[in-house]
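What the coordinates show
Residue strings, one per chain:
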Amino acid sequence: TAENGLSAWLRYAPLQGGQHFHSSVPSHIVALNSSTVSPVYIAGQELQQGLKSILGKQCNVHHAHYGGGSNIVVGTVAEYSKAYGALSSTPDLLDDGYLLDTIGNTVQIIGKNERGALYGAFAYLSKVAQGNFTKVAEVSNPSAPIRWTNEWDNLDGSIERGFAGNSNWFSNGSIVSNLTRTAEYARLLASIGINAVVVNNVNANASLLTPTNIEGLGRIADVMRPYGVQVGISLYFSSPTAGVKGQANLTNFDPLDESVVQWWSNVTDQIYEHVPDMAGYLVKANSEGQPGPLTYNRTLAEGANLFAKALQPHGGIVMFRAFVYNPLNETVWTADRANAQIEFFKPLDGEFDDNVVIQIKYGPIDFQVREPVSPLFANIPKSAVAIELQVTQEYLGQQCHLVYLGPLWKEILDYDLRVDNETSLVRNIISGERFNHSLGGYAGVSNVGTNETWIGSHMAMSNLYAYGRLAWDPTLDAQDVLQDWIRLTFNTNPSVIDAMTQISMESWPAYENYSGNLGVQTLTDILYTHFGPNPQTQDNTIWGQWTRADQKTIGMDRTVANGTGFAGNYPPEIAEMFENIATTPDNLLLWFHHVNYTQLLKSGQTVIQDFYDQHYAGAATAQTFTTLWESLQGKIDDERYYDQLFRQVFQAGHSLVWRDAIANFYYNLSGIPDEAKRVGNH
Ligand code: GCU
């Protein structure tokens, strides 16, 4: 049905009174490419299908110059000029950018390349679907060239940290034969400007590189290509010694060994035979037990450059992950895991080949509900960088809690790191603008599966949508993006928009409040599930997510003066702010400082009382989500209404579990009573 989740924000739901708008859109579509697998052809199909479904208007599609009076013309700058003559002025377009313009009765959708033209068509349809018929006239360019998703799909069909069923493209060790869902996914991604998908888990399996699987990658690429979406893959560093069927089996994987260099260049060439436009490799090396160059006392740069050189002749790039640390080193708190990236990567700045991009998680630890921006963004100016965001809600409620992440990402992207005491917004560092790199951008860990909602819940798809929109334009407002999504996914009823906006915008702060506030991190189970409260698993494990809570004190001292020195990894203005309790924002206090439970916050409250209060407040907010959701009954379709209602009821209950587990844990530890007498026995 149109109500199921598969079409997500591309439902093209009939607009109320749509027939009255027939004259507001042209009657013919001219898509300037007749190859059925070209993005411009797809754009023509999409426009035809969209206008039919939204307005009930049937438009014909032509694939060459058409002279009729009122047309939507979609194509590249070059094809447009061939068919209609040069544009009156040359728009300022970057790769993948597009121009929307209205000339008399004609709408022009002109892309710098085919992909840009398709993006323009989706942008036009998004306006029409939201009932916006103002004359289009805009140039839109992407903020950065790299706008990828990462999918942690395993070859056996499971998905690491995926909460939406099995893989759409892998099963039983190989690529599935029916790739319909893969094409549908590419269509969704194209509509939000995503231009590549890394299809397999960062914890990679060498058997992806068998000749049969390489051929299968070619099939995945073929179904995604018409949508302008390229394929990338994650590599297992020691593949040369892994006995990959159909490939040579070596006795070492030393990145400087000539036979290893040959092995990778040979495999890379094989891949490009089947996937001539492969986007590149994603590499997790020497992290969490994964092999890497350090095994041979080679540097991470030497490891990254091994792949860069194999890819270079084909135009591919290496996304080399900065998520490098050794869990076994983290069993004493002073060996701060947060310092690992700086220790590993800062000395290597300048040693990476030009087609290497360092992919950095937004915070120094691991997708927690609150982390300071990773200081690595400020420390490797000679290297191209990308930010890694997590769309799948691993630590953030696993799609059973509604947590809209747009505001979290915005805080990170807008953060000013003050490199050299100058404005240095994270979004301008990753776009390449701040330090003059042509490469850079975004990697979003999506982990969509075969579930009908793609990601595990209807509402969680706002995160995938926002990810794409913000990667295209990080200056957008998170609430505006959300409301586009609501109108496209549900409807334009103001009370629907209001209720969903309120729930979504309050959701991240609420989750932070009931799962771990003041920068202590998400107090979830660290050892296994990453779901639900388990504050006692934070400390004394190999994972280095210390809170250092004891009977009197709590928090990680990351100062230079007395702690792990982490604060000193930031440029001076920021370092100085975090070094001092007085200038550290309350929401990061326990991230940077080890304090008494009775330490006063800027609000005048003590740490422990604020802990109690915020956990109660967060859970109370989650209760209101159920009521707000119930106000939607009859205003959206029953199918999605009941599906989400179930989740809101669960979240409301689970937020109480969170609240009580955390509040009681710290009450039992500290013995300090709750002024409001809610915690403990009274
Ligand atoms: C997290 C996650 C792992 C993942 C790792 C990574 O720790 O729990 O499943 O492999 O991040 O990003 O590499």
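Please read all numbers here as calculations on a predicted model, not as lab measurements.

Let's talk about the confidence of the model for the chain
Of all residues in the chain, 99% have pLDDT values of 70 or greater, and the mean over the chain is 96. Here the predicted complex carries an ipTM of 0.98, next to a pTM of 0.98.

Observations regarding helix H12 (residues 478–489)
With 12 residues, H12 extends 16 Å from end C-alpha to end C-alpha; this agrees with the ideal 16 Å at 1.5 Å per step. Along H12, 9 of the 12 residues are buried, which leaves the element largely enclosed by surrounding structure. Among the residues of H12, those classed as buried are Ala478, Val481, Leu482, Asp484, Trp485, Ile486, Arg487, Leu488 and Thr489. Check the buried side of H12 and you find it contacts helix H3 (114–129), helix H9 (406–413), helix H11 (461–472) and helix H13 (494–515).

Focus on the sheet that holds strand S14 (residues 356–361)
Sheet strands pair via backbone hydrogen bonds, and the direction of the pair is either parallel or antiparallel. If you walk around this closed barrel you meet the 8 strands as S7-S10-S11-S12-S13-S14-S15-S16, and the pairing is parallel. With direction set aside, neighbouring strand axes in the sheet form an average angle of 25°. Sheet topology places strand S10 (residues 196–198) next to strand S11 (residues 230–235); 3 bridges connect them, and they run parallel. If you follow Val198 over to S11, its bridge partner there is Gly232. Contacts from helix H7 (residues 300–311) reach S11, strand S12 (280–283), strand S13 (317–321) and S14, with the element oriented near 165° to S13.

Looking at the nonpolar core
In terms of nonpolar packing, the biggest core is built from 214 residues, with Val74, Ile109, Val231, Phe307, Val318 and Val357 touching the most fellow members. Non-local contacts of Ile109, meaning those with residues more than four positions away in its chain, are made with Ile72, Val73, Val74, Tyr98, Leu100, Ala117, Gly120, Ala121 and Tyr124.

Considering helix H6 (residues 258–274)
Along its 17 residues, H6 runs 25 Å from first to last C-alpha, staying within 8% of the 24 Å computed at 1.5 Å per residue. When H6 is considered as a whole, its buried residues turn out to be Val260, Trp263, Trp264, Val267, Thr268 and Ile271. Projected down its long axis, H6 shows its buried positions confined to an angular sector of 125°, all on one face. Exposed side of H6, more than 90 degrees from the buried face: Glu258, Asp269 and Glu273 are the residues found there. Contacts from the buried residues of H6 go to helix H5 (211–224) and H7.

Thresholds, definitions, all that
Residues numbered from 1 in each chain as written. Predicted model: local features only at pLDDT ≥ 70, side-chain atom pairs only at ≥ 80, totals over all residues. pLDDT = per-residue confidence, 0-100. Helix = DSSP H or I, 4+ residues; strand = E, 2+ residues; numbered from the N terminus. Expected span 1.5 Å × (residues − 1). Buried ≥ 20, exposed ≤ 12 C-beta atoms within 10 Å, placed from the backbone. Contact = placed C-beta atoms within 7 Å. Pairing = 2+ DSSP bridges. Axes fitted to C-alpha atoms, helices over the stretch in contact; angles between N-to-C directions. Core = buried A, V, L, I, M, F, W, Y, C linked by C-beta atoms within 7 Å. Arc of directions from axis to C-beta.

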